[in-house]
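Architecture and fold: a report
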Amino acid sequence: MTHSARRIGRTLAFVLPVVMVLSGTLAVTSVPWAAHNSESQVLTASARTVSKRAAARAPQEVLRDRLLVELRQKDPGVALTDLQRSVEGRPSLARHCMSIAKALGRAAVEQYGPTRAHRFSRPVCDTSFASGVAQFS
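Residues numbered from 1 in each chain as written. Predicted model: local features only at pLDDT ≥ 70, side-chain atom pairs only at ≥ 80, totals over all residues. Heavy atoms only, no water.

1. Some thoughts on the packing of aromatic side chains
Quick reminder of the rule: Between 30 and 60 degrees the pair is tilted, below 30 it is stacked and above 60 it is edge-to-face, where a pair is any two Phe, Tyr or Trp rings, Trp via its six-membered ring, whose centres lie within 6.5 Å. Relative accessibility under 20% of the residue-type maximum defines a buried residue, over 50% an exposed one, and the middle range a partly exposed one, all with a 1.4 Å probe and only protein chains included.
Throughout the structure, instances matching the rule amount to 1 aromatic pair. Measuring from centroid to centroid gives 5.4 Å for Tyr 112 and Phe 120, while their planes differ by 45 degrees, and the two rings are tilted. Considered together, Tyr 112 and Phe 120 belong to a single accessibility category, that of buried residues.

2. Concerning the pattern of salt bridges
Note the following rule: The working definition used for a salt bridge is a side-chain nitrogen of Lys or Arg within 4 Å of a carboxyl oxygen of Asp or Glu.
With the rule as written, the count across this model stands at 3 salt bridges. The salt bridge partner of Asp 65 is Arg 64, with a shortest N-O separation of 3.5 Å. Judged by relative accessible area, Asp 65 falls into the partly exposed class, the value being 28%. Residue Arg 64 is classed as partly exposed on the basis of its relative accessible area of 30%. Here the salt bridges do not stand alone but share partners, grouping Arg 57, Arg 64 and Asp 65 into one network.

3. Details of helix 5 (residues 97-112)
Here is the rule: Numbering of helices and strands runs from the N terminus; a helix is a DSSP stretch of H or I covering at least four residues, while a strand is a stretch of E covering at least two. Multiply 1.5 Å by the residue count of a helix minus one, and that product is the helix's expected span. Two residues qualify as a contact provided that any one of their heavy atoms is within 4.5 Å of a heavy atom in the partner residue.
The terminal C-alpha atoms of helix 5 lie 22 Å apart, and with 16 residues this matches the ideal 22 Å at 1.5 Å per residue to within 8%. Within the span of helix 5, buried status applies to Cys 97, Ile 100, Ala 101, Leu 104, Gly 105, Ala 107, Ala 108, Val 109 and Tyr 112. Among the structural elements, helix 3 (59-73), helix 4 (76-89), helix 6 (114-118) and helix 7 (128-135) are those in contact with the buried residues of helix 5. Once helix 5 finishes, Gly 113 follows within two positions and takes phi at roughly 90 degrees, a positive value.

4. Considering the nonpolar core
The condition that has to hold: Remark: nonpolar core denotes a set of buried residues (Ala, Val, Leu, Ile, Met, Phe, Trp, Tyr, Cys) joined through side-chain atoms within 4.5 Å.
Of all hydrophobic cores here, the largest spans 23 residues; its most connected members are Leu 83, Leu 104 and Phe 129. Of all the secondary structure elements, the ones that give two or more residues to this core are helix 3, helix 4, helix 5 and helix 7. Excluding anything up to four places from it in sequence, Phe 129 contacts Pro 76, Leu 80, Ala 101, Leu 104, Gly 105, Ala 108, Ala 117, Phe 120 and Ser 121.

5. Notes on the confidence of the model for the protein chain
Low-confidence regions, as indicated by low pLDDT, have predicted coordinates that should not be scrutinised in detail. Inclusion rule: The predictor's confidence in any single residue is recorded as pLDDT, a number from 0 to 100.
Considering every residue of the protein chain, the mean pLDDT works out to 77; 72% of them sit at 70 or more. Residue range residues 38-47 is modelled with pLDDT below 50. Its contacts to residues more than four positions away, or to other chains, number 1 contact.

6. A short note on the packing of helix 4 against helix 5
Our working definition: Angles run from 0 to 180 degrees between N-to-C directions of axes, and those axes are lines fitted to C-alpha atoms, restricted for helices to the stretch in contact. Here the angle decides the label: under 35 degrees means roughly parallel, over 145 means roughly antiparallel, 65 to 115 means roughly perpendicular, and every other value means oblique.
Between helix 4 and helix 5, the least distance of the axes is 11 Å, while the angle of their chain directions is 170 degrees. Classed by the angle they form, the pair helix 4 and helix 5 counts as roughly antiparallel. Touching Pro 76, Ala 79, Leu 80, Leu 83 and Val 87 of helix 4 are Cys 97, Ile 100, Ala 101, Leu 104, Ala 108 and Tyr 112, all from helix 5.

7. A look at a nonpolar patch on the surface
Heads up, the condition is: Here, patches come from residues exposed beyond 30% relative accessible area and free of salt bridges, joined within 9 Å for like charges and within 5 Å for nonpolar side chains (Val, Leu, Ile, Met, Phe, Trp, Tyr). For the accessible areas, the method is Shrake-Rupley and the probe is 1.4 Å, while residue cover comes only from the protein chains on display.
A surface patch of nonpolar side chains, about 420 Å² in accessible area, is lined by Ile 8, Leu 12, Leu 16 and Met 20. Note that Ile 8 resides in helix 1 (residues 2-29). Judged by relative accessible area, which is 54%, Ile 8 ranks as exposed.

The following block contains the structure:
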């Protein structure tokens, strides 16, 4: 009996760490920031063609500018949806979400007027878009 228990214990002592390491590795590869999509890029030392201005711009500034262009070309609803998806896909942008949403609200008021811009309000970033519309109306 003790021989069987000892054998089972040894087997578990070998198999359990292997299973835990493999499951940890699989868990890390399935998180959103490790996705293999077209948006994630790895820059190498040979990528020196990036302009100084583009390298100096923060990700939230790039996102804000892209969403403002999208707002002007399409509508504020599409831009707000993309803002929400961007924040979900890249959680580090969450602290800038309110300022970006307010900037979208201001641009919507400039383009559509306060009444029509208010119709696009959604609960994105604690309703900062609506706050931006109200502030700049």
